[in-house]
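Overview (structure and organization)
Below, each chain spelled out in residue letters.
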Amino acid sequence: MTQGLNRIMWSTIGLLLAALWGLPFLYSVWTAFHDEIYSANFVWNAPLTLENFFEAWQAAPFALYFLNTVILITIVLVANLILCTLVAYAFVRYRFRWAGFLFALIMVQLLVSPEILIVENYLTLSKIGMIDTILGIALPYLTSAFGIFLLRQTFLTVPVSLDEAAQIEGAGAWRVLWNIYVPLAKPVYLAYALVSISFHWNNFLWPLIVTNSPEVRPVTVGLSVFATVESGVEWSLVNAATLMTTAPLIIAFIIFQRQFVANFMRAGIK
């Protein structure tokens, strides 16, 4: 009886929290599809409109912001997949001095908040002349301790006998890596890619500090400038622009949610 009451109580609390979290989102969506006069006055039969999206798209260079974001994410993702794969493979299949210490040093980076390194990273970029560039935004994220750890744990599950069989057939280290390890880790690559894309699409503080001109702003910084300077208090335009910038991630999650959950479960089972 007591367990049943506790279950009902926690279910009720969960529903209330979900409702409280969902109300601002529903309000943002509602105002994005209605005229500005209805942003503060809810009228259930107010006419829908797409004018806010067209006006917001024309009020700021969102096409350029989206292009910059795609370029940034592509650079970071490709660099991460290549560098993390090479480092993880080296830790798994090669024995060298201080390997354990070096791997522990990489893992320590997971305990360091990126915000702590903002000043040093900014000074470094300013010395090499990469402030206000897309590559400058991507440079601190070209490799990932989490990616190295995830791929290392995945590569450890690959039997050594596969290496030996490939070597008997005359395959070198590169061929073993790209023909055996990488194909077997495809689910992990996909899951990591989705997490990386989501993080860098929403990353705001570091791009805000590094960028000065609209030509290199990603979509998060562009949306912030649009919401605070250009559109003022026109919440219908701000919410329409916000919905435009988050729509790609929402659509991607809806399309790939089953594969995303299945890949992480498969990686956990391995």
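Above this text sits the structure in question.
Please read these numbers as outputs of a predicted model, since none were measured by experiment.

The rules behind each value
- Residues numbered from 1 in each chain as written.
- Predicted model: local features only at pLDDT ≥ 70, side-chain atom pairs only at ≥ 80, totals over all residues.
- Heavy atoms only, no water.
- Helix = DSSP H or I, 4+ residues; strand = E, 2+ residues; numbered from the N terminus.
- Contact = heavy atoms within 4.5 Å.
- Areas by Shrake-Rupley, 256 points an atom, 1.4 Å probe, with all protein chains shown as cover.
- Phe/Tyr/Trp six-rings, centres within 6.5 Å; stacked < 30°, edge-to-face > 60°.
- Buried < 20%, exposed > 50% of the residue type's maximum accessible area, 1.4 Å probe, protein only.
- Patch = residues over 30% accessible without salt bridge, like charges linked within 9 Å, V, L, I, M, F, W, Y side chains within 5 Å.
- Salt bridge = Lys/Arg side-chain N within 4 Å of Asp/Glu carboxyl O.
- Axes fitted to C-alpha atoms, helices over the stretch in contact; angles between N-to-C directions.
- Parallel < 35°, antiparallel > 145°, perpendicular 65-115°, else oblique.
- Left-handed = near helix turned anticlockwise from the far one by under 90°.
- Nonpolar A, V, L, I, M, F, W, Y, C, P; charged D, E, K, R; others polar.
- Core = buried A, V, L, I, M, F, W, Y, C linked by side-chain atoms within 4.5 Å.
- Polar contact = N/O pair within 3.5 Å; in protein donor to acceptor, adjacent residues only side chain to side chain.
- Arc of directions from axis to C-beta.

**A word on the overall build of the chain**
A tally of helices and strands in the chain yields 13 helices and 0 strands. When its helices and strands are written in sequence order, the chain yields α-α-α-α-α-α-α-α-α-α-α-α-α. Residue pairs at least 24 apart in sequence account for 72% of intrachain contacts in the chain once pairs closer than 6 positions are excluded. Carbon together with sulfur atoms contributes 71% to the accessible area of the chain, which is approximately 16,500 Å² in total.

**Details of the environment of Phe96**
Take Phe96: it is sitting in the loop between helix H3 (62–93) and helix H4 (99–108). In this structure Phe96 touches Ala90, Phe91 and Leu102, once residues within four positions along its chain are discounted.

**Some details on the packing of aromatic side chains**
The final tally for this structure, using the stated rule, is 12 aromatic pairs. Measuring from ring centre to ring centre gives 5.4 Å for Phe62 and Phe226, while their planes differ by 70 degrees; the resulting arrangement is edge-to-face. Here Phe62, found in helix H3, pairs with Phe226, found in helix H12 (residues 219–230); they are 164 residues apart in sequence, far enough to count as distant. Judged by its relative accessible area of 0%, Phe62 is buried. Residue classification places Phe226 among the buried positions, given a relative accessible area of 1%.

**Examining a nonpolar patch on the surface**
A surface patch of nonpolar side chains, amounting to about 630 Å² of accessible area, comprises Tyr94, Phe96, Trp98, Phe101, Leu102 and Leu105. Take Leu105: it is sitting in helix H4. Classification of Leu105 as partly exposed rests on a relative accessible area of 46%.

**Quick look at the packing of H3 against helix H7 (residues 145–155)**
Interhelical geometry of H3 versus H7 gives an angle of 45 degrees and a closest axis separation of 8 Å. Overall, the two elements H3 and H7 adopt an arrangement that is oblique. Relative to H7, H3 is oriented so that their crossing is right-handed. From H3, Cys84, Thr85, Val87, Ala88, Tyr89, Phe91, Val92 and Arg93 reach across to H7, where they touch Gly147, Ile148, Leu151, Arg152 and Phe155. A per-class count over the contact of H3 with H7 returns 9 nonpolar, 2 polar and 2 charged.

**Here's the deal with the packing of helix H9 (residues 173–184) against helix H10 (residues 186–202)**
The packing of two helices is summarised by the inter-axis angle and the distance between the axes. H10 packs onto H9 with a crossing angle of 60 degrees between their chain directions and a minimal axis gap of 4 Å. With respect to each other, H9 and H10 are oriented oblique. In this structure, H9 contributes Val182, Pro183 and Leu184 to the contact, and H10 contributes Lys186, Pro187 and Tyr189. Within the contact of H9 with H10, the residues separate by chemical class into 5 nonpolar, no polar and 1 charged.

**Examining the nonpolar core**
Of all hydrophobic cores here, the largest spans 25 residues; its most connected members are Leu151, Phe155, Val176 and Tyr181. Those elements that place two or more of their residues in this core are H3, H4, H7, H9 and H10. Every residue in contact with Tyr181, bar those within four places of it in the chain, is listed here: Tyr89, Arg93, Phe155, Val158, Asp163 and Val176. Core analysis: the next-biggest nonpolar cluster, separate from the first, contains 17 residues, Phe226, Leu243, Met244 and Leu249 among them.

**Some remarks on the side chain of Thr211**
Tracing the chain through its elements places Thr211 in the loop between helix H11 (205–210) and H12. Accessibility expressed as a relative area gives 7% for Thr211, which makes it buried. Polar side-chain contacts of Thr211 include one of 2.5 Å to the backbone oxygen of Pro207. Once you skip the residues sitting within four places of it in the chain, Thr211 turns out to touch Asp132, Ile137, Val216, Arg217, Pro218 and Val221.

**Notes on helix H2 (residues 51–59)**
Among the residues of H2, Asn52, Phe53 and Ala56 are the ones counted as buried. Mapping the buried residues of H2 onto a view down its axis gives an arc of 100 degrees, with all of them on the same face. For H2, the exposed residues lying more than 90 degrees away from the buried face are Phe54 and Gln58.

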